[in-house]
Amino acid sequence: MSLKRLNIRGISYSQTQNGAYALILKESGGNRQLPIVIGAFEAQSIAIALEKEISPPRPLTHDLFKSFAERYGIVVKQVIIHKLVDGVFYSSLICEKDKIEEIIDARTSDAIALAVRFKAPVFTYENILDEAGIQQHMQADKELLDTDDDDLDSDDMFEELINSGTEEENDYASLSLEELNKMLKEAVVNENYELAASIRDEISRR
């Protein structure tokens, strides 16, 4: 079976499962997209790994795994989503140490969070895309798939994750840039990344 490379297209709040998100993966050079339901923590972890402006003051779980692996000379070379059973995707981490490959079973959400950190490609098999893939032009799930851009950049993705995961909107109009920068630093120190992203966007707009 041939492998198809997948790229992260976006993250959206899931309307079918409370507290969950849908990670949208798009096949490279094709129109099919693979929506995968993941938890809020994993969604935030993936978004933070792609975010260029916000660095956690302490390592998140996936950052710790990367540091641990690198300390012992282990590199994640690629991720393969190899099986789909009853709506659940199964993935493997293809790792290498001293030119010896090992295959490690992993949840798909964790595997992709690590793939982003190791800059490793993500693949799946043709038959999985045939079974679970959605054509880009189809409107089966307009909320998740409707976008004018072929790919979302990390800032757009992070902002979408934050905006879709919170119902309240903060009004920063009355605050100065100095006050906003101070709040941003405090939010990062307190590991409140959702608030930090919201404040950062307000600073960028100004």
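Refer to the preceding data block for the structure.
Predicted model, so just to flag it, every value in this text is computed and none were measured. (Residues numbered from 1 in each chain as written. Predicted model: local features only at pLDDT ≥ 70, side-chain atom pairs only at ≥ 80, totals over all residues. Heavy atoms only, no water.)

> Quick question: what am I supposed to make of the overall build of the protein here?
Counting secondary structure elements, the protein contains eight helices and eight strands. With an accessible surface of roughly 11,800 Å², the protein has 47% of that area assigned to carbon and sulfur atoms. (Helix = DSSP H or I, 4+ residues; strand = E, 2+ residues; numbered from the N terminus. Areas by Shrake-Rupley, 256 points an atom, 1.4 Å probe, with all protein chains shown as cover.)

> Just checking my understanding: could you explain the sheet that holds strand β2 (residues 20-27) for this structure?
Paired through backbone hydrogen bonds, the strands of a sheet run either parallel or antiparallel to each other. Sheet architecture is open: eight strands sit in the order β6-β5-β4-β7-β1-β2-β3-β8, paired in mixed fashion. Where the open sheet ends on each side, the last strands, each with one partner, are β6 (100-107) and β8 (134-135). Bridge count between strand β5 (residues 88-97) and β6: eight bridges; the pairing is antiparallel. What sits directly across from serine 92, in β6, is aspartate 105. (Pairing = 2+ DSSP bridges.)

> What's the story with the pattern of salt bridges in this structure? I'm lost.
Pairs can form between side chains of opposite charge whenever their charged atoms are close. Inspection of the entire model under this criterion finds eight salt bridges. A salt bridge links glutamate 126 to arginine 32; the nearest nitrogen and oxygen atoms lie 2.9 Å apart. Taken together, the positions of glutamate 126 in helix α4 (residues 126-132) and arginine 32 in strand β3 (residues 32-39) put the pair 94 residues apart, joining distant regions of the chain. Glutamate 126 sits in the partly exposed class, given a relative accessible area of 22%. The network of salt bridges with shared partners includes Lys4, Glu27, Arg32, Glu126 and Asp130. (Salt bridge = Lys/Arg side-chain N within 4 Å of Asp/Glu carboxyl O. Buried < 20%, exposed > 50% of the residue type's maximum accessible area, 1.4 Å probe, protein only.)

> What should I look at first to understand a nonpolar patch on the surface in this one?
On the surface, a cluster of nonpolar side chains totalling about 220 Å² of accessible area is made up of Val85, Val88 and Tyr90. Take valine 85: it is sitting in strand β4 (residues 75-85). (Patch = residues over 30% accessible without salt bridge, like charges linked within 9 Å, V, L, I, M, F, W, Y side chains within 5 Å.)

> Can you help me understand helix α3 (residues 108-118) in this one?
Side chains that are three or four residues apart share a direction in an α-helix, a result of its 3.6 residues per turn. Of all eleven residues making up α3, eleven are buried, and the element is well covered by its neighbours. Considered for burial, the residues of α3 that qualify are Thr108, Ser109, Asp110, Ala111, Ile112, Ala113, Leu114, Ala115, Val116, Arg117 and Phe118. Downstream of α3 by one or two residues, lysine 119 has phi in the positive range, about 55 degrees.

> What am I meant to see in the packing of aromatic side chains here?
What describes a pair of aromatic rings is the distance from one ring centre to the other and the angle between the planes of the rings. With the rule as written, the count across this model stands at one aromatic pair. For the pair phenylalanine 68 and tyrosine 72, a centre-to-centre distance of 5.2 Å together with 45 degrees between the ring planes defines the contact as tilted. Positioned above the aromatic ring of phenylalanine 118, the side-chain terminus of lysine 66 is 5.5 Å from the ring centre. Cation over ring: lysine 83 sits above tyrosine 90, and NZ or CZ is 4.7 Å from the ring centre. (Phe/Tyr/Trp six-rings, centres within 6.5 Å; stacked < 30°, edge-to-face > 60°. Lys NZ or Arg CZ within 6 Å of the ring centre and 35° of its normal.)

> What is the right way to read the side chain of arginine 32 from this model?
When its relative accessible area of 11% is taken as the criterion, arginine 32 is described as buried. A distance of 2.9 Å separates polar atoms of two side chains, one belonging to arginine 32 and the other to glutamate 126. Side-chain polar atoms of arginine 32 contact the side chain of aspartate 130, separated by 2.7 Å. Other than its neighbours up to four places away in sequence, arginine 32 contacts Lys4, Leu25, Lys26, Glu27, Glu126, Leu129, Asp130, Ile134 and Gln135. (Polar contact = N/O pair within 3.5 Å; in protein donor to acceptor, adjacent residues only side chain to side chain. Contact = heavy atoms within 4.5 Å.)

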